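What the coordinates show
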Amino acid sequence: MSQNTDTTDYGPLDALVGSWRGVKGMDVAPEPDGTEHNPYYETFLFEPIGTVTNAESQQLAALRYHQVVSRKSNDRVFHNETGYWMWDAEQGLIMQTLTIPRGVSLVAGGSHTETGDTMEIRVHAAASDANWPIVESPFMRDNATTVSFHRTIRVAGDLMSYEETTVLDIYGKRFDHTDQNTLNRVV
Ligand code: HEM
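Residues numbered from 1 in each chain as written. Predicted model: local features only at pLDDT ≥ 70, side-chain atom pairs only at ≥ 80, totals over all residues. Heavy atoms only, no water.

**Quick look at the coordination of the iron atom of the ligand**
Put simply, the rule reads: Donors, by definition, are the N, O and S atoms found within 2.8 Å of a metal, the threshold being 3.2 Å for Na, K and Ca, and water is not counted, so a site can look incomplete. Secondary structure elements are defined from DSSP: runs of H or I of at least 4 residues count as helices, runs of E of at least 2 residues count as strands, and each element is numbered from the N terminus.
Inspection of the coordination sphere of the iron atom of the ligand shows a single protein donor, His177 (NE2), at 2.1 Å. In this fold, His177 is placed in strand 11 (residues 173-185).

**What to know about the site of the ligand**
Put simply, the rule is: The nearness test applies per residue and asks whether one of its heavy atoms lies within 4 Å of the molecule or strand. Pairs of N or O atoms are called polar contacts if they sit within 3.5 Å, as long as, within protein, a hydrogen donor faces a hydrogen acceptor (for residues adjacent in sequence, only side-chain-to-side-chain pairs). Only protein atoms enter the calculation, which uses a 1 Å grid: trapped sets of points that fit a 1.4 Å probe without letting it out are cavities, open sets showing protein on both sides within 12 Å along at least five of seven lines are pockets, and any residue with an atom within 4 Å of a point is a lining residue. Placement in a cavity or pocket follows one criterion, namely that more than half of the molecule's atoms lie within 2 Å of its grid points.
Close contacts around the ligand come from 26 residues, with Glu36, His79, Arg102, His177 and Asp179 the closest. At a separation of 3.4 Å, a nitrogen atom of the ligand approaches a polar side-chain atom of His79. When each cavity is represented as a set of grid points, the ligand is found to reside in the largest pocket. Counting only elements with at least two residues in the shell around the ligand, the list comes to strand 1 (18-31), strand 2 (34-54), strand 3 (58-71), strand 4 (77-88), strand 9 (144-156), strand 10 (159-170) and strand 11.

**Section: the environment of Thr43**
We count it as follows: Any residue under 20% of the maximum accessible area for its type is buried, any over 50% is exposed, and the rest in between are partly exposed; the area is computed with a 1.4 Å probe on protein chains only. Residues count as neighbours in contact if any of their non-hydrogen atoms are within 4.5 Å of one another.
With respect to the element layout, Thr43 can be found in strand 2. Thr43 gets classed as partly exposed once you look at its relative accessible area, which sits at 35%. C-alpha of Thr43 to C-alpha of Thr113: the two residues are 70 residues apart in sequence and 24 Å apart in space. Among residues more than four places away in sequence, those in contact with Thr43 are Trp20, Arg21, His66, Gln67 and Val68.

Shown next, in the form of structure tokens:
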């Protein structure tokens, strides 16, 4: 069940509201000499923050989110991500702004599908996409550039799963950096 109690219509994002915990994550990340597989656990918090109006015309219902991911092997946080999810009801558009403390941010756009009790939300961004771009520091541009990002989230009641692919140019090659997990709503 969603925890949302304000009067804003969050549309498909209503399915995300609350605190989530997942312990079956798998990260595939680049290493100079190949690939590393990192089992992980994490918390995800999505908080409703009401409606934002842009240029006195665009109305966005927004959630603020925070994802904290820890390696199972040493219990250290190794991914920390924050931003906003926004729903533009007039356009039927979902947007996500994402920032990570590597000097990388993006604005992703996408859509949703509701099938039975499952809400599926998909967003993407790409360095070459004029509408949904990625921005990064000079160091990351030159050494570990993010080429594209795709994330799909499915929520059915109090169960969430996601998978995402972040395509990187790093160590002289193209690398599909992937993450996936299944979470339960805890609040
Ligand atoms: C559950 C989510 C994620 C986890 C657990 C994760 C974990 C990792 C790990 C382990 C590395 C290898 C370097 C290191 O050990 O720190 C890495 C590299 C990287 N990740 Fe992620 N990541 C996640 C999501 C993302 C997302 C969403 C983005 C950007 C949209 C991203 C961008 C990068 C970049 C640019 C690098 C290259 C930096 C480097 O290896 O030195 N990651 N990530």
